[in-house]
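A structural walkthrough
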Amino acid sequence: MRYKQYGVMVVGVAITAFGLYNIHSQANITEGGILGLLLFLEHWFHISPSITNILLDGTCYLIGAIVLGKGFFAKSVFCSCVFSLVYRLYETFPPFIPSLQDHPLIAAILGGIFVGIGVGIVVRNGGAVGGDDALAMTISHLSTLSIPQVYFITDTVVLLISLSYIPVSTILYSFLTVMLSSWIIGKIVDVN
């Protein structure tokens with residue numbers, strides 16, 4: 001059962017990385033939370049998300065480990081490493097999907113679907129793709145806020161700082177994508 005669970009999480013991570021690389025990064029639509037910070041750092045400092053992902057996630061995972069336990073920490077570190085490897089693999093090829101930069105509504109919807117499904121699969125199996133997932137799970141565990149509510153709050157903060165390089169009109173599409181992905185994550189996590 002444990003290997004199957006890790007296999008399922010690898011699929012979720014690959015779906016997430018696919019959406020970020022092939023849709024969001026190409027269309028300049030950002031995510032919120034740590035995923036959005038990865039794109040922010042890539043834009044301004046030209047640092048690959050395959051590197052910054054490990055650093056930012058590590059901090060959030062440590063906090064999550066204290067609150068949610070060692071099992072959560074092991075799964076999340078595994079998913080973070082897999083994300084970095086898979087994203088780096090995607091970077092070695094041209095995007096599989098033609099750029100949707102001229103079709104931001106489609107990019108926002110498709111990107112939100114990929115990220116929502118991918119992250120939802122991982123969170124449902126007790127792991128986290130990124131530090132924002134760990135943070136959302138931790139805050140939800142310690143408060144009365146649901147995981148989707150925490151995502152919305154943290155995503156909003158990151159989207160506001162993303163206004164430094166993304167036009168307001170594009171940020172509106174980013175808000176759409178994070179609302180959609182948060183909703184999908186909530187639906188997948190709450191499936192009985």
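Above this note sits the structure.
The structure reproduced in this document is the subject of the present report. All residue numbers refer to position in the chain's written sequence, counted from 1. Note on the predicted model: pLDDT of at least 70 is required for a residue's local features to be given, and 80 or more for side-chain atom pairs to be given and counted; whole-chain, interface and lining totals, by contrast, use all residues. Only heavy atoms go into the side-chain values, all of them from the structure, while hydrogens and water stay out.

**Focus on the overall build of the protein chain**
Summing up its helical and strand segments, the protein chain has eight helices and zero strands in all. Compactness check: the protein chain gives a C-alpha radius of gyration of 15 Å against a globular reference of 16 Å for 192 residues, within 12% of the reference. Oriented by its inertia axes, the alpha-carbon framework of the protein chain measures out at about 45 × 35 × 30 Å. Taken over 192 residues, the protein chain has a buried fraction of 49%. Contacts between residues were defined by any pair of non-hydrogen atoms, one from each residue, lying within 4.5 Å. Contacts spanning at least 24 positions in sequence make up 76% of the contacts within the protein chain whose residues lie at least 6 apart. For the purposes of this entry, the term helix denotes a DSSP run of H or I that reaches at least four residues, the term strand denotes a run of E that reaches at least two, and both are numbered from the N terminus. The atom set for the radius of gyration is the C-alpha atoms, and the globule formula is 2.2 Å times the number of residues raised to the power 0.38. Note on classification: 1.4 Å probe, protein chains only; a residue is buried when its accessible area is under 20% of the maximum for its type, exposed when over 50%, partly exposed between these limits.

**A short note on the packing of aromatic side chains**
We call Phe, Tyr and Trp rings a pair once their centres come within 6.5 Å, taking the six-membered ring for Trp, and we label the pair stacked below 30 degrees between planes, edge-to-face above 60, and tilted otherwise. Per the stated rule, a full pass over the model turns up eleven aromatic pairs. Taking the centre distance of 5.7 Å and the plane angle of 85 degrees together, the rings of tyrosine 21 and tyrosine 87 count as edge-to-face. Linking tyrosine 21 in helix H1 (residues 2-27) with tyrosine 87 in helix H4 (residues 70-91), this pair joins segments that are 66 residues apart in sequence. Across the pair, exposure class does not vary: tyrosine 21 and tyrosine 87 are buried alike. Their ring planes at 35 degrees and their centres at 5.6 Å tell us that phenylalanine 83 and tyrosine 87 sit as a pair that is tilted. One end of the pair is phenylalanine 83 and the other is tyrosine 87, both in helix H4 and four residues apart, which spans about a single turn.

**Things to note about the packing of helix H3 (residues 49-68) against helix H6 (residues 131-142)**
Axis definition: a line fit to C-alpha positions, over the contact stretch in the case of helices; interaxial angles, taken between N-to-C directions, run 0 to 180 degrees. Interaxial distance between H3 and H6 falls to 8 Å at its minimum, and their mutual angle equals 30 degrees. Judged on the interaxial angle alone, H6 and H3 are roughly parallel. For H3 against H6, the interelement crossing comes out left-handed. Mapping the contact onto sequence places Asp57, Cys60, Tyr61, Ile63, Gly64, Val67 and Leu68 in H3 and Gly131, Ala134, Met137, Thr138, His141 and Leu142 in H6. If an angle is under 35 degrees, it is roughly parallel; if it is over 145, roughly antiparallel; if it lies from 65 to 115, roughly perpendicular; otherwise it is oblique. Take the far helix as your reference; a near helix turned counterclockwise from it by less than a right angle gives a left-handed crossing, and one turned clockwise gives a right-handed crossing.

**As for the side chain of lysine 75**
Structurally, lysine 75 can be placed in helix H4. Ignoring anything within four residues of it in the chain, the contact list for lysine 75 reads Gln5, Tyr6, Met9, Asn125, Gly126 and Gly127.

**Considerations on the nonpolar core**
Within soluble globular proteins, side chains that are nonpolar generally end up buried alongside one another. Buried Ala, Val, Leu, Ile, Met, Phe, Trp, Tyr and Cys residues form a nonpolar core when they are joined through side-chain atoms within 4.5 Å. Val13, Leu20, Phe83, Val119 and Tyr151 are the most contacted members of the largest nonpolar core, which has 41 residues in total. When contributions to this core are tallied by element, the ones reaching two or more residues are H1, helix H2 (33-45), H3, H4, helix H5 (104-124), H6, helix H7 (147-162) and helix H8 (168-189). Sequence-distant contacts of leucine 20, that is, excluding residues within four places in its chain, are made with Ser25, Glu31, Leu35, Leu39, Phe83, Tyr87 and Val115. Counting six residues, the second-largest nonpolar core is a separate cluster that includes Ile23, Ile29, Leu100 and Ala107.

**Let's talk about H3**
For H3, the principal kink sits at glycine 58 and spans about 30 degrees. Each element contacted by the buried residues of H3 is listed here: H2, H4 and H6. Downstream of H3 by a residue or two, glycine 69 has a phi angle that is positive, lying close to 105 degrees. Throughout, the bend at a residue refers to the angle made by two axes, fitted to the seven residues ending there and to the seven starting there.

**What to know about H6**
The terminal C-alpha atoms of H6 lie 16 Å apart, and with twelve residues this matches the ideal 16 Å at 1.5 Å per residue to within 8%. Of all the positions in H6, only Gly131, Asp132, Asp133, Ala134, Ala136, Met137, Thr138 and Ser140 are classed as buried. Where H6 is buried, its residues touch H2, H3, H4, H5 and H7. What a helix is expected to span follows from its residue count: subtract one and scale by 1.5 Å.

**Remarks on the packing of H1 against H4**
Two elements in contact, H1 and H4, have axes separated by 9 Å at closest approach and are oriented at 40 degrees. Between H1 and H4, the crossing angle belongs to the class labelled oblique. Where H1 crosses over H4, the two elements pack in a sense that is right-handed. In this structure, H1 contributes Gln5, Tyr6, Met9, Val10, Val13, Ala14, Ala17, Phe18, Leu20, Tyr21 and Ser25 to the contact, and H4 contributes Ala74, Lys75, Phe78, Cys79, Val82, Phe83, Val86, Tyr87, Tyr90 and Glu91. Taken together, the residues of the contact of H1 with H4 sort by class into 17 nonpolar, two polar and two charged. Following the grouping adopted for this structure description, the nonpolar residues are Ala, Val, Leu, Ile, Met, Phe, Trp, Tyr, Cys and Pro, the charged ones are Asp, Glu, Lys and Arg, and the polar ones are all others, Gly among them.

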